[in-house]
Amino acid sequence: MIKKLNNAIKVTKSTVNGMCLIPPSKSYSIRALFAGLLNCDEAKLYNISKCEDVLATIEVIKKLGANISIINESEVSMDILISGNCGFSNFNSKGISIINCGESGLCARMIIPILGLIKDNKQIYTVTGRGSLLKRPFNVISFLKDFGMNIQLTNSSVPVLVSGNLKHHNGVIDLSLTTQVFSGLLMALPIIAGKSQLKIINKTSIPYVMATLEVLKDSNINIKYSNNMNEFEIEGNQKYSFSKYIVENDWSSAAFILVAGAIAGDKIGIYGLKENSSQADSVIIEILKEIGLDVKFSEDVIYVSKSQDIYNSFKFDAKDAPDVVPALVALATSCKGISEITNIDRLKYKESNRVESLIASFKNIGIDIWYETKNGGTMFIKGGKIKGGIVDSQNDHRIAMSLAVSGLVSEEGVIINNPYCVRKSFPNFFDVLVKISNNK
Ligand SMILES: O=C(O)C1=C[C@@H](OP(=O)(O)O)[C@@H](O)[C@H](O)C1
Ligand SMILES: C=C(OP(=O)(O)O)C(=O)O
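Residues numbered from 1 in each chain as written. Chains lettered and ligands numbered in written order. Predicted model: local features only at pLDDT ≥ 70, side-chain atom pairs only at ≥ 80, totals over all residues. Heavy atoms only, no water.

## Section: the overall build of the protein chain
From N to C terminus, the protein chain includes 11 helices and 27 strands. On the principal axes, the C-alpha backbone points of the protein chain span a range of 60 × 45 × 45 Å. Across the 440 residues in the protein chain, those meeting the buried criterion constitute 59%. Summed over its atoms, the accessible surface of the protein chain is roughly 16,800 Å², and 46% of this surface lies on carbon and sulfur atoms. Charged side chains of the protein chain number 48 positive and 42 negative; the gap between the two group centres comes to 3 Å. (Helix = DSSP H or I, 4+ residues; strand = E, 2+ residues; numbered from the N terminus. Buried < 20%, exposed > 50% of the residue type's maximum accessible area, 1.4 Å probe, protein only. Areas by Shrake-Rupley, 256 points an atom, 1.4 Å probe, with all protein chains shown as cover. Lys, Arg positive; Asp, Glu negative; His and termini not counted. Charge placed at Lys NZ, Arg CZ, Asp CG, Glu CD.)

## A word on the site of ligand 1
The local shell around ligand 1 holds 13 residues, among which Ser27, Arg31, Thr178, Thr179 and Asp323 are the closest. In the environment of ligand 1, an oxygen atom lies 2.5 Å from a nitrogen or oxygen atom belonging to the side chain of Asp323. Relative to its unbound accessible area of 390 Å², ligand 1 is 96% covered by the protein chains. Applying the majority rule of atoms within 2 Å of the grid points places ligand 1 in the largest cavity. A class-by-class count of the residues in the shell around ligand 1 yields 4 nonpolar, 5 polar and 4 charged. (Near = heavy atom within 4 Å. Polar contact = N/O pair within 3.5 Å; in protein donor to acceptor, adjacent residues only side chain to side chain. 1 Å grid on protein atoms, 1.4 Å probe; cavity = no way out; pocket = protein on both sides within 12 Å on 5 of 7 lines; lining within 4 Å. Sits in = over half its atoms within 2 Å of the grid points. Nonpolar A, V, L, I, M, F, W, Y, C, P; charged D, E, K, R; others polar.)

## With respect to the site of ligand 2
Around ligand 2, the structure places 14 residues, and the nearest of them are Lys26, Gly105, Arg136, Arg398 and Lys424. A distance of 2.7 Å separates an oxygen atom of ligand 2 from a polar atom in the side chain of Arg136. Lys424 is positioned with one of its side-chain polar atoms (N or O) 2.8 Å from an oxygen atom of ligand 2. For ligand 2, whose free accessible area comes to 300 Å², the fraction covered by protein is 97%.

## Observations regarding the environment of Val162
Structurally, the position occupied by Val162 is in strand E10 (residues 157-163). For Val162, a relative accessible area of 1% corresponds to the buried category. Residues Val162 and Gln152, spaced 10 residues apart in sequence, show a C-alpha to C-alpha distance of 6.7 Å. Sequence-distant contacts of Val162, defined by excluding residues within four places in its chain, comprise Ile112, Leu115, Gln123, Ile124, Tyr125, Val127, Met149 and Asn150. (Contact = heavy atoms within 4.5 Å.)

## Quick word on the confidence of the model for the protein chain
On average, residues of the protein chain score 96 in pLDDT, and 99% of them are at 70 or above. Least confident of the elements in the protein chain is strand E27 (residues 437-439), whose mean pLDDT is 70; most confident is helix H1 (residues 26-38), at 99. Scored as a whole, the predicted complex attains pTM 0.98, and scored at its interfaces, ipTM 0.99. (pLDDT = per-residue confidence, 0-100.)

## Points about the domain arrangement of the protein chain
Partitioning the protein chain into domains gives domain 1 (2-23 + 249-439) and domain 2 (26-234). In this structure, domain 1 and domain 2 have C-alpha centres spaced 29 Å apart. Across the contact, 26 residues belong to domain 1 and 23 residues belong to domain 2. When domain 1 packs against domain 2, close to 2,100 Å² is buried across both sides, 49% of that on carbon and sulfur atoms. It is Arg346, Tyr349 and Lys424 in domain 1 that bury the most area against domain 2; as a group they hold 29% of the surface buried on that side. Along the contact surface separating domain 1 from domain 2 lie 1 salt bridge. In this structure, the salt-bridge partner of Asp53 is Lys424, at a minimum N-O distance of 2.7 Å. Remark: the boundary between domain 1 and domain 2 carries 13 residue pairs in polar contact (both at pLDDT 80 or more). Of the residues in the side of domain 1 that touches domain 2, the class split is 6 nonpolar, 8 polar and 12 charged. (Domains from an automatic or database assignment. Buried area = accessible area lost by both parts, 1.4 Å probe. Salt bridge = Lys/Arg side-chain N within 4 Å of Asp/Glu carboxyl O.)

Here is the structure:
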């Protein structure tokens, strides 16, 4: 049962079953909106998420000259008509100084190179946000100085003062901490004059780079890259030109519901997910199958049925899919023996330090979980009974969802304080959980 308390949610032992719909991908929504901003044509963007990060991005692009009207909307998604500024070709930046990205790391890190397209290079833009964003590392944007931009950070984070014009450049880009700035750069460089040749080192989160390339291709922007994704060649003077984009539903959100189905389900069906999606977190399907779950796609629905009480443990490398880790930790508690998740050190720089948040909160509810520094940081989770207890979301949507799902198989219930941070990516998460859960 899911009980709403005062700024807390209590999740007690329940079986989940039935059908549900997952919101659109926030990663693809944000990319589609930035493409819409730079577009030279009017476009319809279908299935844009209404999560907080996307709403913050919409405010940012409106400020930068995008005209947006809503054609259709549901509780969690909307179709919009957008006319952009055609690469800031006739844009008047007068009076614009603050760019507020809310809590979205993606919006803030992508918009910074895009701001370098604005012709008035005397203007200084302050890219800022709130909450968790104020603690995220922004020294990862310093390399943009090589591309002609001036960057001034506050204590290595936002607010960031940005000025100068983006220039083409040949150089090496280190992706060890994040790919988000590189995604923004890939969207901005095709517009300016001149060719850029970039070498990538320490590759991580590569499916997210692929997502950017996918949106660029659909916007008629041409970027050449080597098969191993080590080298990129970006010709300048290109124009965004597209009239329609449809955003996929979100595998990152679906991961939590699929795990709920795996550990507490009779049978769960989720509508509208793309089967062979390039979204990083669609990898959850491989893991569910590997540990012994019955997973089936039929027409537009993915079904997961609980096939046994305890599954095989698993090993997962989080290098390319960092966001799925909180859902996997909840899953690992129902696996026999010890599951291992490697390359988790980058999770320290998300909405919370997810390594610390996951270890502290899962320990709190009775799980044996620990960390070792080897292999880019490894988390070990020993499957076992979840006792329950009171935990805090740490203002991190994925921590809140992971703990809520764990409550479904807890002996005494899990109370999550500050649960509504789920709005960052999955605004109706608790409504979906209520819909699919039955009191045992
Ligand atoms: O590009 C994107 O849409 C994202 C990239 C990933 O970040 P990193 O590139 O920092 O790993 C991911 O964690 C984030 O939630 C979304
Ligand atoms: C890290 C995340 O997002 P962002 O970096 O865009 O804030 C996330 O959604 O888990």
